[in-house]
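So you can see what is in the structure, the chains are spelled out below.
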Amino acid sequence: MELAYIPSPSTGVIHLGPIPLRGYAFCIILGVFVAVWYGNKRWIARGGTAGTVADIAVWAVPFGLVGGRLYHVITDYQLYFSDGQDWVDAFKIWEGGLGIWGAIAFGAVGAWIGCRRRGIPLPAYADAIAPGIVLAQAIGRWGNWFNQELYGKPTDLPWALKITASANREAGLYHPTFLYESLWCVGVAVLVVWADRRFTLGHGRAFALYVAAYCAGRAWIEYMRVDEAHHILGVRLNVWTAIVVFLLAVLYMVISARVRPGREEIVEPRAAAKEAAGTEEGAEDGSVKDADAEAGSDEKAGAEESGDAVRDGAEEDAGESGKSGRSGEDVGHGAGSTAKG
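The structure presented is a predicted model; accordingly, all values stated were derived computationally and were not measured. Each residue is numbered by its place in its chain's sequence as written, counting from 1. Owing to the predicted nature of the model, reporting of local features is limited to residues with pLDDT of at least 70; listing and counting of side-chain atom pairs is limited to 80 or more, with chain, interface and lining totals taken over all residues. The basis for every side-chain value is the complete set of heavy atoms in the structure, and neither hydrogens nor water enter the calculation.

So, the packing of aromatic side chains
Here a Phe, Tyr or Trp ring, Trp counted by its six-membered ring, pairs with any other such ring whose centre lies within 6.5 Å, and the pair is stacked when the planes are under 30 degrees apart, edge-to-face when over 60, and tilted otherwise. Throughout the structure, instances matching the rule amount to twelve aromatic pairs. Taking the centre distance of 4.7 Å and the plane angle of 40 degrees together, the rings of tyrosine 151 and tyrosine 174 count as tilted. With a gap of 23 residues between them, tyrosine 151 in the loop between helix H6 (142-147) and strand S3 (161-163) and tyrosine 174 in strand S4 (residues 172-174) connect regions that are remote in the sequence. The same class applies to tyrosine 151 and to tyrosine 174, which are both buried. Linked through ring pairs, Trp142, Trp145, Phe146 and Phe178 together constitute an aromatic cluster. Only runs of H or I of at least four residues qualify as helices and only runs of E of at least two qualify as strands under DSSP, and these elements are numbered from the N terminus. Relative accessibility decides the category of a residue: with a 1.4 Å probe and only protein chains considered, values under 20% of the type maximum give buried, values over 50% give exposed, and everything between is partly exposed.

Some points on the pattern of salt bridges
Only one rule defines a salt bridge in this text: a Lys or Arg side-chain nitrogen within 4 Å of an Asp or Glu carboxyl oxygen. Taken as a whole and assessed by the stated rule, the structure comprises 14 salt bridges. Of the charged contacts in the structure, one is a salt bridge between glutamate 222 and arginine 218, with a shortest N-O distance of 2.8 Å. Placement of both glutamate 222 and arginine 218 in helix H8 (residues 205-224) is noted, with a separation of four residues, approximately one turn of the helix. Both residues of the pair, glutamate 222 and arginine 218, belong to the buried class. With a shortest N-O distance of 3.0 Å, glutamate 222 and arginine 236 are connected by a salt bridge. One end of the pair, glutamate 222, is in helix H8; the other, arginine 236, is in strand S6 (residues 235-236), with 14 residues separating them in the sequence. Judged by its relative accessible area of 1%, glutamate 222 falls in the buried class. Overall, arginine 236 belongs to the buried group, its relative accessible area being 8%.

Observations concerning the pairing of strand S2 (residues 19-22)
Of the strand pairs in this sheet, strand S1 (residues 13-16) and S2 are connected by four bridges, and their pairing is antiparallel. Residue pairing in the sheet places isoleucine 14 in a bridge with leucine 21 of S2. Joining the antiparallel neighbours S1 and S2 is a turn of two residues, in which glycine 17 adopts a positive phi near 70 degrees. Only when DSSP finds a minimum of two bridges between them are two strands counted as paired.

Notes on the layout of surface pockets
Every definition here rests on a 1 Å grid over the protein atoms only: cavities are sets of points where a 1.4 Å probe fits but cannot get out, pockets are open sets enclosed by protein on both sides within 12 Å along at least five of seven lines, and lining residues have some atom within 4 Å of a point. Grid points are joined across faces, edges and corners, and a volume is the space filled by probe spheres set on the points. Size it by volume and the second largest pocket reaches roughly 160 Å³. Taken together, Tyr38, Lys41, Arg42, Ala45, Arg46, Val193, Asp196, Arg197 and Arg263 form the lining of the second largest pocket. Listed by contribution, the elements that provide at least two residues to the lining of the second largest pocket are helix H1 (23-45) and helix H7 (177-199). Considering every element that reaches the lining of the second largest pocket, the biggest residue donor is H1, with four residues. Each residue belonging to the lining of the second largest pocket can be placed in one class, and the counts come to three nonpolar, no polar and six charged. Think of it as three bins: nonpolar holds Ala, Val, Leu, Ile, Met, Phe, Trp, Tyr, Cys and Pro, charged holds Asp, Glu, Lys and Arg, and polar takes everything else, Gly as well.

Here is the structure:
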């Protein structure tokens, strides 16, 4: 008896008049928005300028979408190029099918181009955007829920996912691996933010931590999936990919910590140089104003001294004139006395 389960949407498309709104595409777009928004906040906190993350994302996002689709089509080529399949479906990205490994690899190339154009070190940018990327993955996984894809093995757990029958799937209750991975990604984002604050990660180590932590979860979640996939030595291809990428990320963290300890002090050299130039110009303007003020003070003091000198001279002249007057009077009196005598 089915007491509880997670229902699947009856359709992954809602038509707004003639315009189809696809749940998968909506989740991808929302994830990109969250990644850019949160990455911008972290970039500013590290000393960068607002808008830089979005400018570089203009390069990274298209590259990431192309890379993610290429990885999916190459690793699942039988879905598009085998007998009875239409190769045109390889371009229908809205129907699902983005490989995170290709998305990150090609997205990094796009980010590198954007960073070079802005004179920004790619590792610093990657550290700032890492938690936002994994949150975007958490949101994007809900696109698989809309498409009823990438679920796990049958289960009777209360949180089982109910899948309806179609040409490519059998109805039943299955492990909601999309939900497991979404929750794991949220946990990875929290881990990266905490470790970045606790250990002051820099030079790409926060990004490498995100990659390693995500791969650790993806490996065990991948074991639960029942969708068609290529196997190597009895193990799904994506499991091998997760193992290899995990080891490379850990190796990078170890070597980077020894070669470049600490964190970058300046993440946008051009912006910092511009700010420093503005500060110097402000200091020079202040010096000129101070010099003008001192010159004005000196002129005022000179004028006051000149006025004092003039007043002193006038007083002395008046005094001398008074004395001369008194002397004339004495002479007059003397002359009068002589005449009388």
